[in-house]
Amino acid sequence: MKQMKIVLTNVLSAALIALMAMLWATPASAQLKVLITEGHTEPTPIAIPNFLSGDPATDKIARDMAKVITDDLERSGLFVVIDQATYIETQTNIDYQPRFANWRLINAKALVSGRIVRVDDTRLRAEYRLWDIYGRSQLEGLVLIVTEDNWRRIAHKISDSIYKKLTGETGYFDSRIAFISETGPKTNRTKRLTIMDQDGHSPKYLLGGSDLVLTPRFSPFIDRDHRDKPIEKLTYLSWETGRPQVFLLEVETGNRELLGDFPSMTMSPRFSPDGKKLIFTLVKRGNSDIYVMDLRSRSTQRLTTDRAIDVSPSFSPDGKKIVFNSDRGGSPQLYTMNADGSNVKRLSFGKGRYTAPAWSPRGDLIAFTKSDGGQFHVGVMNAKTGKGERLLTSSYLDEGPTWSPNGRVILFTRETRGVNGRAEIWSIDLTGKNLRKLPTPSGASDPAWSPLLP
Amino acid sequence: MKFGLPISFTIHAAAVFGGLLLWEQGASEFPEVKIINLNLVSVTDKTNIKPTRKKPPKEEPPKEELLADTPKPPPISESPVVPEVITDNNEDVPTPKLPPKFDLDAIANQLGTARENNLEVTPNKPLQNEITAAERADTQQSRAGEGTGNEINSEDYIRQAMQSCWQIDEGMKGYDKLKVRLRVTLDIDGRVTDVDVLNNARIIASGNASWQAAREKAISGVYECEASFSKLPKGAYEDWKSTELTFDPGAMK
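The rules behind the values
- Residues numbered from 1 in each chain as written.
- Chains lettered and ligands numbered in written order.
- Predicted model: local features only at pLDDT ≥ 70, side-chain atom pairs only at ≥ 80, totals over all residues.
- Heavy atoms only, no water.
- Helix = DSSP H or I, 4+ residues; strand = E, 2+ residues; numbered from the N terminus.
- Buried < 20%, exposed > 50% of the residue type's maximum accessible area, 1.4 Å probe, protein only.
- Contact = heavy atoms within 4.5 Å.
- Areas by Shrake-Rupley, 256 points an atom, 1.4 Å probe, with all protein chains shown as cover.
- Domains from an automatic or database assignment.
- Buried area = accessible area lost by both parts, 1.4 Å probe.
- Salt bridge = Lys/Arg side-chain N within 4 Å of Asp/Glu carboxyl O.
- Polar contact = N/O pair within 3.5 Å; in protein donor to acceptor, adjacent residues only side chain to side chain.
- Expected span 1.5 Å × (residues − 1).
- Phe/Tyr/Trp six-rings, centres within 6.5 Å; stacked < 30°, edge-to-face > 60°.
- Lys NZ or Arg CZ within 6 Å of the ring centre and 35° of its normal.
- Core = buried A, V, L, I, M, F, W, Y, C linked by side-chain atoms within 4.5 Å.
- Pairing = 2+ DSSP bridges.

## Structural notes on the overall build of chain B
The number of helices and strands found in chain B is 10 helices and three strands. Tracing chain B from N to C terminus, the helices and strands come up as α-α-α-α-α-α-β-β-α-α-α-α-β. Looking at chain B as a whole, 26% of its 253 residues are labelled buried. Here the analysis covers contacts within chain B between residues at least 6 apart in sequence; of these, 73% occur between residues at least 24 apart. As displayed, chain B has an accessible area near 17700 Å², and 55% of this comes from carbon and sulfur atoms.

Below you can see the structure in the form of structure tokens.
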């Protein structure tokens, strides 16, 4: 019996070993591996039907809201909205899943469905869902409540939400643009500080046209007043006192203030990322240097001491570095330094003149104006190394780049030649694509992009 | 039935060993045969010669000795050959030259000789290596497709299809570092039955919304390409039923 057990154990062991050997010898099901390094860069086709509305009084808003979202997304250059006339499916209730096959047939990759419901006499509730047509799933669902006269902002907020879900980056649609409205010929031009939505809607003059104003810049940080209402701040250059001086303006209240009554001219102001400091150029005895002002104590500190012209400072988004323009090397070039003025390094080494640097909110790039060979360009370069320069635009006069709050789009001034030449604001995508003119009520220059509104 | 289980194990073990032995025999080496050297005719042999009017080939079959020798290719000129114009004027007609040494009939004869010289075969029985070669060719053909000349292998086909379905955004910060790895399972009709994100843990842990969007774009691209996958060669289904796709926009720099 014992021998039988030993034999049995041996047989079982042999069987087990044989089985393992067979498994080992069997080649694993070979998996095909494919490396894909190239894709297409065409805009994403998206379907945006009119929002549903249960009330005839809100039908127009429901339609207009879809139109604003359509315009926002198309203007970004990253989306193409499919013509509503081609839609196969008519949605009657956004709470039901759409028939994805119907939207795939018209090549939509995403579908936006929305509904407007009146809450009371003054307020509306906007609901929207974003569907991934090929993934057959809902990507986002939001409910927003707003006063009726503010429906455009809700549309921009929905655009931002769609943009973020589909690109992974924060949007920029619920933001505003300050600029200088220009009327009259070049020799006698009236310039007024103006603000409008980023899509050109609702322009408003912030100041009268009696004094020359230039270079408005938003505070990247939006304060709140004692009633918790947001307060947007702008700094700008004005000849109000008879010489160029830097002013601070609260957009919502209209309160304005002269920042430091310096005996000589101050210019090119910009806020620090936390909104607590202001950096600017002060000209003393013919020498322009960069100074920083603490906005609470109003104390100033000189950052550059070179005898050259140092102008146009701009903080990095972390507030640790400053890029500025100086001719200390013989011609205007870009330099960086620490926020305390130490460790000055030359950044640009290219041919031509580099001016008006603006540090990207993403932190990786610096936009600039470059003039070379009789042409002006807006370009970008690596913020750390100054390498990888890319000129995005070229014309008779392109200048003054400003970044969208997400660092994706650049606005700049383009001016045409001649006495009757007109200044306009144009936008371009970071990739150098999607060059567009911004709609403005008159000639426009010196754009500044606000942070996203709260 | 006290020994039922051990007997069962013993029989199974015997079956496994037997299978392994048969398997080994099945994978026996090819029988030795004579290797036939075929002379390849390069394209230049045909394109670098001057246009001629050939004499009709002689009736007598070519001699075997001629085929055994490697034909000397005509010298390749350094400068491109300018084709001459052939006119109707008899004086301009170049002297007819010998027909080219490449002759399919002669090659067939040589093959026949090889078969005769091989003692292992009879005229009606194919050689073992001929069978294997034919089977291999069938497999290759099924992987390549219908043999239209426009079809490519599964890997290249999937890569090309995905290039038109996968959207990349060059303006996204650090887009070239947002690598996404997917395991895609397809049914025999090319329908996507499962998509598994192989580096999903890293994508989620990074908290990088751009990376997450890149993941969604890769998945969406796979589904968008479903129609293209339906044209994958069904004979090679085992090759592509489970495919690992690596989307790496940084690798193209």
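## A closer look at the domain arrangement of chain A
Residues and elements named next belong to chain A. Once the domains are mapped, chain A shows domain 1 (14–167) and domain 2 (176–229 + 312–449). Relative to domain 2, the C-alpha centre of domain 1 lies at a distance of 34 Å. Counting residues at the interface gives 10 residues for domain 1 and 10 residues for domain 2. When domain 1 packs against domain 2, the two sides together hide about 810 Å² of surface, and 38% of this comes from carbon and sulfur. Area buried by domain 1 at its contact with domain 2 is led by Arg75, Arg152 and Tyr163, which between them contribute 58% of it. The tally of links from domain 1 across to domain 2 stands at one salt bridge. The interface formed by domain 1 and domain 2 holds 10 residue pairs in polar contact (both at pLDDT 80 or more) in total. The biggest single contributor to the side of domain 1 that touches domain 2 is helix H2 (residues 59–76), with four residues.

## Looking at helix H8 (residues 209–224) of chain B
Between its terminal C-alpha atoms H8 of chain B stretches 22 Å, which fits the 22 Å expected from 16 residues at 1.5 Å a residue. Looking at where H8 of chain B begins, the residue whose side-chain oxygen comes 2.9 Å from the main-chain nitrogen of Ser210 of chain B is Asn208 of chain B.

## A look at the packing of aromatic side chains
Residues and elements named next belong to chain A. This structure, assessed with the given rule, holds 14 aromatic pairs over all chains. Ring geometry for Phe100 against Trp131: centres 6.1 Å apart, planes inclined by 65°, an arrangement best described as edge-to-face. Here Phe100 is found in helix H3 (residues 100–105), whereas its partner Trp131 is found in strand E6 (residues 123–132), with 31 residues between them in sequence. Neither residue differs from the other here; Phe100 and Trp131 are each classed as buried. Here the aromatic cluster, defined as three or more aromatic residues joined through ring pairs, consists of Phe79, Tyr163, Tyr172, Phe173 and Trp449. Sitting over the ring of Tyr205, Arg192 keeps its end group 3.7 Å from the ring centre. Over the face of the ring belonging to Tyr335 we find Arg328, whose NZ or CZ atom lies 5.4 Å from the ring centre.

## Looking at the nonpolar core
Grouped together as the largest cluster of nonpolar side chains are 50 residues, with contacts concentrated most on Ile46, Phe51, Met65, Ile69 and Ile162 of chain A. The residues that make up this core include at least three from each of domain 1 (14–167) and domain 2 (176–229 + 312–449) of chain A. Leaving out residues up to four positions away in the same chain, Ile46 of chain A has contacts with Leu73, Phe79, Val80, Val81, Ile82, Tyr87, Ala110, Val112, Ile162 and Leu166 of chain A. Leu32 and Ile36 of chain A together with Ile158 and Val184 of chain B belong to the second largest nonpolar core, which has 35 residues in total.

## Quick word on unusual backbone geometry
Residue and element names in this part refer to chain A. Even without a glycine there, the phi angle at Arg136 is positive, about 55°. By the secondary structure assignment, Arg136 is in the loop between E6 and strand E7 (137–147). The exposure class assigned to Arg136 is partly exposed, which follows from its relative accessible area of 36%. Although it is not a glycine, Asn434 sits at a positive phi angle of roughly 60°. Secondary-structure assignment places Asn434 in the loop between strand E31 (423–429) and strand E32 (436–437). By relative accessible area, which is 22% here, Asn434 ends up partly exposed.

## With respect to helix H4 (residues 151–167) of chain A
All names here are of chain A. For H4, with 17 residues, the first-to-last C-alpha span of 24 Å sits near the 24 Å given by 1.5 Å per residue. Taking burial as the measure, the 17 residues of H4 include 13 buried ones, the bulk of the element. A positive phi of about 85° marks Gly168, the residue just after H4.

## Thoughts on the interface of chain B and chain A
The interface of chain B with chain A comprises 48 residues on the first partner and 42 residues on the second. Ranking the residues of chain B by area buried against chain A places Gln167, Lys173 and Glu244 of chain B at the top, with a combined share of 14%. Counting every contact that joins chain B to chain A gives four salt bridges. The residue Asp169 of chain B makes a salt bridge to Arg408 of chain A at a minimum N-O spacing of 2.8 Å. Across the contact surface, chain B and chain A share 18 residue pairs in polar contact (both at pLDDT 80 or more). Counting residues per element, the ones that place at least two in the side of chain B that touches chain A are helix H1 (4–26), helix H6 (154–165), H8, helix H10 (237–240) and strand E3 (242–247) of chain B. Looking at chain direction, strand E1 (residues 32–36) of chain A and E3 of chain B are connected through five bridges and run parallel. For Leu32 of chain A, the partnering residue across the bridge sits in E3 of chain B and is Thr243 of chain B.

## Some words on the environment of Gly275 of chain A
Residue and element names in this part refer to chain A. For Gly275, the location among the structural elements is in the loop between strand E17 (266–271) and strand E18 (277–284). Taking relative accessible area as the criterion, Gly275 reaches 17% and is therefore assigned buried. A sequence separation of 19 residues divides Gly275 from Asp294, and the C-alpha atoms of the two residues are 9.6 Å apart. The residues touching Gly275, leaving out its near neighbours within four places in the chain, are Ser219, Phe221 and Leu295.

## Describing the pattern of salt bridges
All names here are of chain A. One pass over the structure, following the stated rule, counts 45 salt bridges over all chains. A salt bridge links Arg129 to Asp95, with the shortest nitrogen-to-oxygen separation between them at 3.0 Å. Here Asp95 lies in the loop between strand E4 (79–81) and H3 and Arg129 lies in strand E6, a separation of 34 residues in the sequence. On the basis of relative accessibility, which here comes to 42%, the residue Asp95 falls in the partly exposed class. Across the pair Asp429 and Arg408 runs a salt bridge, and its minimum N-O distance is 3.0 Å.

## Remarks on the side chain of Thr402 of chain A
With respect to the secondary-structure elements, Thr402 of chain A resides in strand E29 (residues 398–403). At a separation of 3.5 Å, a polar atom in the side chain of Thr402 of chain A contacts the main-chain amide nitrogen of Trp449 of chain A.

## Some points on the environment of Gly352 of chain A
Residues and elements named next belong to chain A. Along the chain, Gly352 turns up in the loop between strand E24 (345–346) and strand E25 (353–359). The class for Gly352 is partly exposed, based on a relative accessible area of 23%. Residues Gly352 and Asp372, spaced 20 residues apart in sequence, show a C-alpha to C-alpha distance of 4.6 Å.

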